[in-house]
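# Structural features, examined
The chain contents come next:
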There are 4 protein chains.
Amino acid sequence: MQPRLAPLAPSDALLLFERTRARTDRLAAPLSPEDMMLQSMEDASPAKWHLAHTTWFFEEFILRPRLPTYVSPDDRFAFLFNSYYVQAGPRHARDKRGLVSRPGGEAVRAYRTHVEDALADLMSASRDDADEIAGLVELGCHHEMQHQELLVTDLLHGLSHNPLLPVYREPEPLPVTSEVPLTWTKHDEGLVEIGHDGGGFAYDCEGPRHRTYLTPYEIADRPVTNREWIAFMEDGGYGDARHWLMEGHAVALREGWAHPLYWWQQDDTWWTYTLRGPQPVALDAPVVHVSYYEAEAYARWADARLPTEAEHEIAFETDPIQGNFLDDGPLRPLPGRAIWGDVWEWTASPFTPYPGFRAPEGALGEYNGKFMVNQMVLRGGSCATPRDQMRTSYRTFFYPHQRWQMMGLRLARDL
Amino acid sequence: MQPRLAPLAPSDALLLFERTRARTDRLAAPLSPEDMMLQSMEDASPAKWHLAHTTWFFEEFILRPRLPTYVSPDDRFAFLFNSYYVQAGPRHARDKRGLVSRPGGEAVRAYRTHVEDALADLMSASRDDADEIAGLVELGCHHEMQHQELLVTDLLHGLSHNPLLPVYREPEPLPVTSEVPLTWTKHDEGLVEIGHDGGGFAYDCEGPRHRTYLTPYEIADRPVTNREWIAFMEDGGYGDARHWLMEGHAVALREGWAHPLYWWQQDDTWWTYTLRGPQPVALDAPVVHVSYYEAEAYARWADARLPTEAEHEIAFETDPIQGNFLDDGPLRPLPGRAIWGDVWEWTASPFTPYPGFRAPEGALGEYNGKFMVNQMVLRGGSCATPRDQMRTSYRTFFYPHQRWQMMGLRLARDL
Amino acid sequence: MQPRLAPLAPSDALLLFERTRARTDRLAAPLSPEDMMLQSMEDASPAKWHLAHTTWFFEEFILRPRLPTYVSPDDRFAFLFNSYYVQAGPRHARDKRGLVSRPGGEAVRAYRTHVEDALADLMSASRDDADEIAGLVELGCHHEMQHQELLVTDLLHGLSHNPLLPVYREPEPLPVTSEVPLTWTKHDEGLVEIGHDGGGFAYDCEGPRHRTYLTPYEIADRPVTNREWIAFMEDGGYGDARHWLMEGHAVALREGWAHPLYWWQQDDTWWTYTLRGPQPVALDAPVVHVSYYEAEAYARWADARLPTEAEHEIAFETDPIQGNFLDDGPLRPLPGRAIWGDVWEWTASPFTPYPGFRAPEGALGEYNGKFMVNQMVLRGGSCATPRDQMRTSYRTFFYPHQRWQMMGLRLARDL
Amino acid sequence: MQPRLAPLAPSDALLLFERTRARTDRLAAPLSPEDMMLQSMEDASPAKWHLAHTTWFFEEFILRPRLPTYVSPDDRFAFLFNSYYVQAGPRHARDKRGLVSRPGGEAVRAYRTHVEDALADLMSASRDDADEIAGLVELGCHHEMQHQELLVTDLLHGLSHNPLLPVYREPEPLPVTSEVPLTWTKHDEGLVEIGHDGGGFAYDCEGPRHRTYLTPYEIADRPVTNREWIAFMEDGGYGDARHWLMEGHAVALREGWAHPLYWWQQDDTWWTYTLRGPQPVALDAPVVHVSYYEAEAYARWADARLPTEAEHEIAFETDPIQGNFLDDGPLRPLPGRAIWGDVWEWTASPFTPYPGFRAPEGALGEYNGKFMVNQMVLRGGSCATPRDQMRTSYRTFFYPHQRWQMMGLRLARDL
């Protein structure tokens, strides 16, 4: 993680920990033991694995090194629930996570409680390393928040393979809306600073804060909507190679892409599968579940481009005005209100290190640095992103062909 | 199915039905909801699917056509739980069966009960088609018995991917045994008759009974043992292409085969994973979990060959002397006692129609005929085969690279 | 090879050798150095490789062991031009044969002459092993004849990938024909003998001659024609899973098969690519370039079946009445005259050993035996089969999905 | 292409054209017709295709639109020899280029002459559009120079599959050298300008020239040598996941990478295959044929990093001091003299558009822009790069797993 200007107080860390763990439990509550097993592709993991892996993280990086009396309920969990930390030892094959029927859901919940109790004890004790522990707990909580969003999107992907189209949370009526005009904000040329400034938590890859030079541009005040995306589709956008990166068009042809993921057409209406079951596509909501390749092609079709991550960061120095929240709201963007925060926005920037970046030593240094190739940065946050996690310097990253996250786009233009 | 000389009495059919259904339930009883989801390869299916599919079979082929008042708990189950019967309508993708978390285990058990109740009612009624129904119930029971064996072998395969090596049934000590000598029985040249003779149940592909001409041969009185197989391994059998079919050796190299499936070596002892957990390989038990390619190479190495299915059928006109049974015994062959029935035995015969074979009309005609290419016949039966299913005319068939069934071999030689 | 009743006289062997080698040269004469490089799939080999491999065969199995003074132009050719004889040493990767630009066409032709000269000298010498040598030369010539047919069919496949549709031999007008009626010949039940009887050359797998029992059947007097095949297509035969083996239909769907290989439709007429360039499909000629899967589905659609190889062998105990010959005729079956010999005919028989078959010791024993799995026997011969090679006991074999050989079918029916 | 400050004089364009075409012919001269067919992977193309495609470029973009009387020797060449220009019409499958035996080498050479003659006539004529034509000819020549380097590297890859390790150009003795010390040049923080300035030819993606901000760094004065690379290998660099991008290590494991492409070890000495045949690895020459993944891992192992493309461009504002040239020198980097230009140097920069970049309209706009995803920029030039093509603003780009180009690396460090 990035150095913080002021360390998190241990008592605040404990509150964050309790709030975060409770949210994971709440998200998993409606799931049957069978639902918790679903792994529909290598990129996605079962909900049960998310519950266990986020727990292992606290065990591996805090309890084991700092509490010599700590006893794990099963030492073999370290093998099962390590994701990719080479320096934390060997680990189970990623694409086989859906084949781990045991430990079952109950055993994993017991594992969670076991670690939570031990950690609460550790944090209540008077220790010289209390600040360090608080910092690690904060990291673990942010790590778990990332997995909360993955849990939700992986679950959506998993359930979407069920021909019965299951409902995770009861549907609610969508508000009637009308088309939202597209307006632009201009930005002058000049040297700017981007990257996290040390106030509050951030991941290592959000820093160092540094200067970069921007040429004049303007950026849209809202993401692209479903209504606009359908216009692209109806104009033959998917089939016209001129709009596309060559590799993107090859993927689109091979995969038969003709609309965003989870969409289908029925009697002239576009429908989409959501965690609230099938719903008609809300025309004035941000489009979601499109790949970088599609986003980039759309932008060229619209005679615009995607913003770079620096342009995006400079443009949104304020808090998100998000239409809804993971904790109690609907699980797809709502129409008509999004400023930023409803949908992750693909940028034109590959995920590379900022000048001066060095990954920390040890296993925790494997957090972000080793992914810095072939992935594109998304900025913003989505209706499945915990509010605690949303900040303008946040860089998430995915492969350009991936669509199962809450991914959309916003346009920019040179001036 | 083959025509029977005498139809099964409806009351016997009901008893068979109850016995068969109860055995499935008993096999599934130790499984958690998560265990029931496991699908570790396209060839294998989740236990939950087996429970539902065998139920759908009765619903689709008996209740729907013959009981107009029958109402299914969910009409969409026909799509989810049809395996491959094209004439019974469209069906779910086979390799996605592990992604159906809903209906859950409880719902599937309720589906079983629902169909069982309706079928018991139907069979208790006085009807003109009672004999026909009894015949279909008999077929459905044999179909379910096939799935019992698959349930067990698919489960073994699924659990074997769990690094914790879970235990399905508690282990018991293995008897101490010594090497069993290999003896041979000679058979003269001549015209023989093979195929089912109509006494009792048989599948369509077991007939018509017909003449075939055999040249003189001798056949071993017991299957090849683990002790013998290890000698083949230690003699470099896996690496010496001269023993192998070219295609077989290519598969062995590509897959890195150097021993039967589920084996590993630890401190000079060979171990194997079983449904009773890890166990040392029992040297004098029949070898199991070897492919046709391996079996065929072993036979050539041993200066022998595999028997044809006619040679096998003629040699074993008696009941199996099986070391153990699915219902209450261990789930791997026991050492020292096997005559036939402990392990499926690969034959030299590709699965082709007998002279005069014609698949029945309609969806039930898809039972065996459409698989008659590229597969090899196995004869006998295994410790996971229900005793009701064992008869000398039974032909099971698998692809030559498959190993996850209880597959072994017996030698034969030209005279 | 099979034991012959009377050995081939050395002088006859020399004549056969000269005739065979000259035919290969004649076939290759129209090819440019670039044409000789084409390898369009792993199953096929470049013409240059065929020229070299058939030469290596004489070098490896006759000259090296029997002529101590023999010097090869390049010892490394043994690595490059061994096909699959494990006991003759390591060999080049089959799918990379098209990447061997050197030695070039001229060098390979020089290699041919070098070996031919040495062999002519050896055969002219007075030696104790003259009869053995004559027998090996005979085998080498038959081996080369097999490769002549492959050279032609591999070349057709290779050139078919060229959008310019090149012409290997000038086209000639097709005779106008009319529909040929389909008649049947009946055969009684009974014990028959099949397999080669030792009069003349045969491969090892054609024996031992042995008894087999046939049930009554009838067999068509000519192969299925293009006209009949088009009726199958127009009746939706390719799309109706009920006619197909399950595996066959999966292949047909995956590959998008809707007609024989090399066909396309243009203005309501079916065309086919041949070595004489594009030609309209001759309606009354035997259909060619269909897989076993397609042939088997056609037969079921026609309410018939494919004959077994024993049925086929018994039915054709006479010489072929072939419409045309490799040496000077057209390179596709001609309409209206075929009895047998115009097109290879898929049988219902998997390629398995005859009773009592044992592969010979040594590398030459790898000729046929190690292919005895997953392949189907074809009987007859085609317009690309040298006349010297055609006999009723001949068994060729290919995988059920393969279509690039001159493969057709003939119907049979149970009586 | 980028706008030039001063257009190229038509007479200079003609000289460039003649020089460029002659170089291609000289490179192809030692090749047999068979060599010219080699396509060893989809990324590579046959030499014959390069000869034809570079000719088609002049025909398609100059002769057809500007010379109404022009007649192509074969209009179908447009289909065969278009590479990827969607707006220039449909085209042949890239991975099937090695299957086009006709037109043969002679016909392609005749095509070259035909187009050269027509273009020379066009350029000699007095025309209003002479300057435009000169600009297009210049672009076509630079395009052909790119293909000269590809021809050489594709040929090396193709010939490397031949077990005889053919020699394209006679070997010459390697100079004896000693270790070259590694020195560094420091660069201050500050705003810089990069991108082509319009003086002379450049591709579209080299502009617009623009400002960017650099943090302080130092950069090595020479590329990494084979001696240093061997130290990395001997230190277990390939096997230690800590040095690697996660994706890079997965590729290395899957492909079994343990050294640069074309290397093997023999009696403690490392050898490499080159177009001059097998040669011992020259310890003090730049390492070549390493992927981005390997280069990036090496840099981390060496406690350094790769430079960004801006850092590289600023550091080398001078002409290359290249050890050797395509036209008459050896075809691998020479030891001991390289400053820049002997080997392409992987940078840390993904290939993305410069601020303000817009691809030109029409088919020529497909030149670079549509490749701007998932590829990394290399800077410099290699011993296979024509001298006319070397400039500090030049951006070439390849996928991070590719190794068959003359790819090496240079280190940089933060200050």
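Residues numbered from 1 in each chain as written. Chains lettered and ligands numbered in written order. Predicted model: local features only at pLDDT ≥ 70, side-chain atom pairs only at ≥ 80, totals over all residues. Heavy atoms only, no water.

### Comments concerning the overall build of chain A
- Each helix and strand counted, chain A has nine helices and 12 strands in total.
- A compact globule built from 415 residues should have a C-alpha radius of gyration of about 22 Å, and chain A, at 22 Å, falls within 12% of that.
- For chain A, the spread of C-alpha atoms along the principal axes amounts to about 65 × 55 × 35 Å.
- In chain A, which comprises 415 residues, the share counted as buried stands at 61%.
- Partitioning the intrachain contacts of chain A with sequence separation of at least 6 by distance along the chain shows that 80% fall at a separation of at least 24.
- If you sum the accessible surface of chain A, you get close to 15,400 Å²; carbon and sulfur atoms cover 53% of it. (Helix = DSSP H or I, 4+ residues; strand = E, 2+ residues; numbered from the N terminus. Rg over C-alpha atoms; globule rule 2.2 N^0.38 Å. Buried < 20%, exposed > 50% of the residue type's maximum accessible area, 1.4 Å probe, protein only. Contact = heavy atoms within 4.5 Å. Areas by Shrake-Rupley, 256 points an atom, 1.4 Å probe, with all protein chains shown as cover.)

### Focus: the interface of chain B and chain A
- Across the contact, 30 residues belong to chain B and 30 residues belong to chain A.
- Of the roughly 2,500 Å² buried between chain B and chain A, counting both surfaces, carbon and sulfur atoms make up 62%.
- Between chain B and chain A we count two salt bridges in total.
- Between D35 of chain B and R102 of chain A there is a salt bridge; the shortest N-O distance is 2.7 Å.
- Put simply, chain B and chain A have 10 residue pairs in polar contact (both at pLDDT 80 or more) between them. (Buried area = accessible area lost by both parts, 1.4 Å probe. Salt bridge = Lys/Arg side-chain N within 4 Å of Asp/Glu carboxyl O. Polar contact = N/O pair within 3.5 Å; in protein donor to acceptor, adjacent residues only side chain to side chain.)

### Re unusual backbone geometry
- P103 of chain A follows R102 of chain A through a cis peptide bond whose omega is 5°.
- Its place among the elements puts P103 of chain A in the loop between helix 3 (77-81) and helix 4 (105-124).
- A cis amide bond, omega -5°, links G207 of chain A with the succeeding residue P208 of chain A.
- With respect to the helices, strands and loops of the structure, P208 of chain A is situated in the loop between strand 2 (190-194) and strand 3 (210-214).
- Non-glycine residue L165 of chain A carries a positive phi angle of around 50°.
- Locating L165 of chain A in the fold gives a position in the loop between helix 5 (130-160) and strand 1 (184-187).
- Using a relative accessible area of 28% as the deciding quantity, one classes L165 of chain A as partly exposed.
- The backbone of D267 of chain C sits at a positive phi, close to 50°, despite the residue not being glycine.
- Within the secondary structure, D267 of chain C is located in the loop between strand 5 (263-266) and strand 6 (269-274).

### A short note on the relation of the copies chain B and chain A
- Superposing chain B onto chain A takes a rotation of 180° combined with a translation of 0.1 Å along the rotation axis, leaving an RMSD of 0.0 Å. Overall, the copies show the geometry of a two-fold rotation axis. Ranked by how close their C-alpha atoms come to the rotation axis, the residues of chain B are headed by E34 of chain B, at 2.8 Å. (Least-squares fit on C-alpha atoms with pLDDT ≥ 70 in both.)

### Description of the UniProt feature "domain: Sulfatase-modifying factor enzyme-like" (unreviewed entry) in chain A
All names here are of chain A.
- Per the UniProt record, "domain: Sulfatase-modifying factor enzyme-like" (unreviewed entry) is found at residues 190-317 and 340-413.
- The annotated region residues 190-317 carries 28% helix and 22% strand content, and the separation between its end C-alpha atoms amounts to 17 Å.
- Note that residues 340-413 is 0% helix and 24% strand, and that its end C-alpha atoms are spaced 18 Å apart. (UniProt positions renumbered as here; feature names shortened; annotations may be inferred.)

### Regarding the pairing of strand 6 (residues 269-274) of chain A
Residue and element names in this part refer to chain A.
- Across four bridges, strand 5 (residues 263-266) lies against strand 6 in antiparallel orientation. Each bridged residue has a counterpart across the sheet, and for W264 the counterpart in strand 6 is W271.
- From the end of strand 5 to the start of strand 6, which pair antiparallel, there are two residues, and D267 there has a positive phi angle of about 50°.
- Sheet analysis places strand 6 next to strand 7 (residues 277-280), joined by four bridges and oriented antiparallel. (Pairing = 2+ DSSP bridges.)

### Regarding the sheet that holds strand 12 (residues 412-414) of chain B
All names here are of chain B.
- In space, the three strands of this open sheet follow the order 1-4-12, with antiparallel pairing throughout. Each having just a single partner strand, strand 1 (184-187) and strand 12 make up the two edges of the open sheet. With direction set aside, neighbouring strand axes in the sheet form an average angle of 20°.
- Sheet topology note: the strand 1/strand 4 (residues 217-220) ladder contains four bridges and is antiparallel. Its bridge partner lying in strand 4, K186 is registered against E218. (Axes fitted to C-alpha atoms, helices over the stretch in contact; angles between N-to-C directions.)

### A few points about the relation of the copies chain D and chain C
- Under the fitted operation, chain D is carried onto chain C by 0.1 Å of movement along the axis and a turn of 180°, and the coordinates agree to an RMSD of 0.0 Å.
- When you check the interface residues of chain D against chain C, 100% turn up at the interface there too, and the contact is symmetric in its surfaces.

### Focus on the packing of aromatic side chains
- Applying the stated criterion across every chain yields a total of 119 aromatic pairs over all chains.
- For the pair F57 of chain A and F61 of chain A, a centre-to-centre distance of 4.9 Å together with 65° between the ring planes defines the contact as edge-to-face. Residue F57 of chain A and its partner F61 of chain A are located together in helix 2 (residues 47-66), separated by four residues, close to a single helical turn.
- Owing to a relative accessible area of 2%, F57 of chain A belongs among the buried residues under this scheme.
- Note on F61 of chain A: relative accessible area 13%, which makes it buried.
- Pairing F232 of chain D with Y298 of chain D gives two aromatic rings, centres 5.4 Å apart and planes at 70°, and the pair type is edge-to-face. Here Y298 of chain D lies in helix 8 (residues 292-301) and F232 of chain D lies in helix 6 (residues 226-234), a separation of 66 residues in the sequence.
- For Y298 of chain D, a relative accessible area of 3% gives the class buried.
- Note that R413 of chain B overlies the ring of W184 of chain B, its terminal NZ or CZ placed 3.7 Å from the centroid. (Phe/Tyr/Trp six-rings, centres within 6.5 Å; stacked < 30°, edge-to-face > 60°. Lys NZ or Arg CZ within 6 Å of the ring centre and 35° of its normal.)

### A word on the environment of Y399 of chain A
- With respect to the secondary-structure elements, Y399 of chain A resides in the loop between strand 10 (396-398) and strand 11 (407-408).
- For Y399 of chain A, a relative accessible area of 24% corresponds to the partly exposed category.
- Note: C-alpha distance between Y399 of chain A and F17 of chain A (382 residues apart in sequence) is 30 Å.
- The contact partners of Y399 of chain A, leaving out residues within four places of it in the chain, are W346, V373, N374 and Q375 of chain A together with E247 of chain D.
- Polar contacts involving the side chain of Y399 of chain A include one to the side chain of E247 of chain D, which spans 2.4 Å.

### Observations regarding the environment of L174 of chain C
- When you line up the elements, L174 of chain C lands in the loop between helix 5 (130-160) and strand 1 (184-187).
- When the C-alpha atoms of L174 of chain C and E361 of chain C are compared, they prove to be 49 Å apart, with 187 residues separating the residues in sequence.

### Observations concerning the interface of chain D and chain C
- Contact residues are listed per partner, giving 30 residues for chain D and 30 residues for chain C.
- When chain D packs against chain C, close to 2,500 Å² is buried across both sides, 62% of that on carbon and sulfur atoms.
- Between chain D and chain C we count two salt bridges in total.
- At the junction of chain D and chain C, the tally comes to 10 residue pairs in polar contact (both at pLDDT 80 or more).
- At the level of elements, helix 3 (77-81) and helix 5 (130-160) of chain D are the ones that each hand at least two residues to the side of chain D that touches chain C.

### A few points about the pattern of salt bridges
- Inspection of the entire model under this criterion finds 138 salt bridges over all chains.
- Across the salt bridge formed by E60 of chain A and R64 of chain A, the nearest N and O atoms sit 3.9 Å from each other. Remark: R64 of chain A and E60 of chain A occur in helix 2; sequence separation between them is four residues, near one turn of the helix.
- We classify E60 of chain A as buried; its relative accessible area is 18%.
- Of the charged contacts, one joins R379 of chain C and E309 of chain C as a salt bridge, the two residues approaching to 2.8 Å between their closest N and O atoms. Of the two residues, R379 of chain C is situated in strand 9 (residues 376-379) and E309 of chain C in helix 9 (residues 309-315); the sequence distance between them amounts to 70 residues. One exposure class covers both R379 of chain C and E309 of chain C, and it is buried.

### Examining the pairing of strand 4 (residues 217-220) of chain A
Residue and element names in this part refer to chain A.
- Side chains of strand 4 alternate between two faces, with Y217 and I219 and E218 and A220 buried alike.
- Of the pairings in the sheet, the one linking strand 4 to strand 12 (residues 412-414) comprises three bridges and is antiparallel in character. Within strand 12, the position partnered with Y217 by the bridge is D414.

### Focus: the UniProt feature "domain: DinB-like" (unreviewed entry) in chain A
- With numbering aligned to this structure, UniProt lists the feature "domain: DinB-like" (unreviewed entry) at residues 17-149 of chain A.
- The distance separating the terminal C-alpha atoms of residues 17-149 of chain A is 17 Å; by composition the span is 58% helix and 0% strand.

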